[in-house]
Amino acid sequence: GGQILRVSTALSCLLGLPLRVRRIRAGRSQPGLRPQHLSGLEIIRDLCEGKLEGGEIGSTEIIFTPGKIKGGTHIADTKTAGSVCLLMQVAMPCVLFAASPSELHLKGGTNAEMAPQIDYTVMVFKPIVEKFNFTFNCDIKKRGYYPQGGGEVVVHMSPVKELSPVNLTERGTVTKIYGRAFVAGALPIKLAKDMSAAAVRCIRKEIRDLYINIQPVREPDDQAFGTGSGIIIVAETSTGCLLAGSSLGKRGKNSEKVGIEAAEILLRNLKHGGTVDDSLQDQLIIFMALAKGVSRVKSGPITLHTQTAIHFAEQLTKAKFTVTKSEEEDPSKDTYIIECQGMGMINPNL
């Protein structure tokens, strides 16, 4: 699957290990590389002046030979609604260990199915991943939606000497809930208001005493390409945890249903008692593996994506992961501690 490709090529690039991946997306209706996967491979190749064999759409086998990671300006364009957030996922660990600062121009879908929305990346992923002791700037130039894409995000990032471990084991209590319901292109703002109102009603059934602020927004025409809608809702806790639920609108899907779907995902993530939601869980694995020292993250049930990321991080680095059922006071909570003794990657360029 695409995730194996992302994790293993990023680590191959960082560790200078040549890599062969076979049977890429073998069981899918359209097997082999899709535009988004190919763009991800190409940006990694360009970042490290590596060699890529088998780099074409539909290819089920690639051979990647990494070179030395350098900074500078790089462009990745899926030319489809392929997710810019997944491009960011594959490139980010690499540019952290580059020789100089990087500017990544990522083009495609900013709010796409089967991938984190750009709003999630900015509102949840960014503040949490920066706890590994680096910062980045993500500038949304233009939003793009399925099926055309056409969005663009510019990421600025400076390299680091090494990553610090994280300890995300205390959930705390939910202190605020906020979010944005958006429409773009031909859709009326009423849809955003309906999404927001339905989401608030749904959350209110479970959480009565908190102010919930989900802003309905119409994306400015010069900042959005095509027509799209969706919602993201974030819960913030007393210990600084951020958990979210999100959903995208599509033709024939009732806007209230979109709001309720996002609210239900958020409530489900709050119920398990972990400090990260299901979407963040697997995105932290590669950083835990690269960090110097022991990282601990309390999560809900371990997703298949997380199991996959752990497996390949252990195969390719010297990091060691353990996953144990959390010894909760409350046995109804399904929580786990993901612990990792990181490999302590040092940036040779700094």
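None of these values were measured; they are calculated from a predicted model. (Residues numbered from 1 in each chain as written. Predicted model: local features only at pLDDT ≥ 70, side-chain atom pairs only at ≥ 80, totals over all residues. Heavy atoms only, no water.)

A. Geometry of the UniProt feature "binding site: ATP" (unreviewed entry) in the protein. Per the UniProt record, "binding site: ATP" (unreviewed entry) is found at Gln89. Along the chain, the position of Gln89 falls in helix α3 (residues 84-96). When its relative accessible area of 21% is taken as the criterion, Gln89 is described as partly exposed. Other than its neighbours up to four places away in sequence, Gln89 contacts Arg6, Pro116 and Gln283. (UniProt positions renumbered as here; feature names shortened; annotations may be inferred. Helix = DSSP H or I, 4+ residues; strand = E, 2+ residues; numbered from the N terminus. Buried < 20%, exposed > 50% of the residue type's maximum accessible area, 1.4 Å probe, protein only. Contact = heavy atoms within 4.5 Å.)

B. Molecular detail of the layout of surface pockets. Its boundaries defined by the atoms lining it, the largest pocket holds a volume of some 1600 Å³. Residue lining of the largest pocket: 48 residues in total, with Leu86, Glu113, Met114, Ala115 and His305 positioned closest to the centre. At the level of secondary structure, the elements contributing two or more residues to the lining of the largest pocket comprise α1 (2-15), α2 (35-47), α3, β13 (242-248), α6 (255-271), α7 (278-281) and α9 (304-316). In the lining of the largest pocket, the residues fall into 15 nonpolar, 21 polar and twelve charged. Taken as a whole, the second largest pocket holds about 560 Å³ of empty space. Residue lining of the second largest pocket: 19 residues in total, with Thr227, Gly228, Gly249, Lys250 and Arg251 positioned closest to the centre. Broken down by secondary-structure element, the contributors of at least two residues to the lining of the second largest pocket are β12 (228-237) and α6. Here the lining of the second largest pocket is built from residues that sort into seven nonpolar, eight polar and four charged. Counting contributing residues per domain, the lining of the second largest pocket is built from domain 1 (1-160) and domain 3 (174-271), each supplying no fewer than three. (1 Å grid on protein atoms, 1.4 Å probe; cavity = no way out; pocket = protein on both sides within 12 Å on 5 of 7 lines; lining within 4 Å. Points joined across faces, edges and corners; volume = space filled by probe spheres on them. Nonpolar A, V, L, I, M, F, W, Y, C, P; charged D, E, K, R; others polar. Domains from an automatic or database assignment.)

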